[in-house]
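A structural walkthrough
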Amino acid sequence: MNKNKKVIISIISIIAICCLLVFFLFKPRDKVSYDIEKWKNLENKYSFLPSVDELGKYTDLNFKFFHKDMLMFESDAYVLKVTYGDEVFDRQKDYINNNYVMQEKVYENRTEREASFTLDGFYFRMLSQNEYKLYYPQTIAFIGVSEESNEIAYVFYHDVDLDYIGSSFPDFLIEDCGWE
């Protein structure tokens, strides 16, 4: 083999190794946990989020922590779904309506967006950015209510590097918050 072929093979090998390295470094890595302790840690930091003890008498409780990691860009999402019997559900729904301040609209790239939406039978509303000292879009909290299934969902999202949400809120909950 002549010297030119060896140099070309070496260059191609180096490029291939660099491409693989870049792929593995920038490939998103997702981590999922169902440990309710992660919600308890979050509720201690953000007092407006209900503690598990404050949820009332529920019939089912589902929690999911969804961490996305892409090298130095990271996000954390917390989804807590609580199912109630009819009477307790009505009380919890009234409590939410009477005790939480909701955001009506948000602005993104000079465009106004409604801060409420429906997904899987849940009617979601965003918590007030000013009232709860949240910063859209880096830190967001939603509460969703499903009349169909007597469920209330609490969704909290945090990503310090996020500049805008390019998708609809339902798509954002599915893709970035791990909604199932």
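Reading the values: rules and limits
Residues numbered from 1 in each chain as written. Predicted model: local features only at pLDDT ≥ 70, side-chain atom pairs only at ≥ 80, totals over all residues. Heavy atoms only, no water. Phe/Tyr/Trp six-rings, centres within 6.5 Å; stacked < 30°, edge-to-face > 60°. Helix = DSSP H or I, 4+ residues; strand = E, 2+ residues; numbered from the N terminus. Buried < 20%, exposed > 50% of the residue type's maximum accessible area, 1.4 Å probe, protein only. Contact = heavy atoms within 4.5 Å. Pairing = 2+ DSSP bridges. 1 Å grid on protein atoms, 1.4 Å probe; cavity = no way out; pocket = protein on both sides within 12 Å on 5 of 7 lines; lining within 4 Å. Points joined across faces, edges and corners; volume = space filled by probe spheres on them. Nonpolar A, V, L, I, M, F, W, Y, C, P; charged D, E, K, R; others polar.

**Points about the packing of aromatic side chains**
One pass over the full model with this rule turns up 19 aromatic pairs. When the ring of Trp39 is compared with that of Phe63, the centres are 6.3 Å apart and the planes differ by 70°; the resulting orientation is edge-to-face. Of the two residues, Trp39 sits in helix H2 (residues 37-45) while Phe63 sits in strand S2 (residues 60-70), which places them 24 residues apart along the sequence. Neither Trp39 nor Phe63 differs from the other in exposure class; each is buried.

**Considerations on the environment of Pro170**
Inspection of the secondary structure puts Pro170 in helix H4 (residues 169-175). In contact with Pro170, not counting residues within four places along its chain, are Phe117, Thr118 and Leu119.

**Considerations on the pairing of strand S7 (residues 122-126)**
Going residue by residue along S7, you find Phe122, Phe124 and Met126 tucked away on one face and Tyr123 and Arg125 left uncovered on the opposite face. Alignment of strand S6 (residues 116-119) against S7, held across four bridges, turns out to be antiparallel. Pairing of Phe117 across the sheet is with Phe124, part of S7. The hairpin formed by S6 and S7 contains two residues between the paired strands, and Asp120 there has a positive phi angle of roughly 50°. The pairing of S7 with strand S8 (residues 139-146) spans four bridges and is antiparallel. Bridged to Met126 within S8 is Phe142.

**Focus on the layout of surface pockets**
Each pocket or cavity is described by its volume, and for the largest pocket that value is around 320 Å³. The wall of the largest pocket is formed by 18 residues, among which Lys68, Ser75, Tyr157, Asp159 and Asp176 lie closest to the centre. Elements supplying a minimum of two residues to the lining of the largest pocket: S2, strand S3 (73-83) and H4. Residue classes in the lining of the largest pocket are distributed as eight nonpolar, three polar and seven charged.

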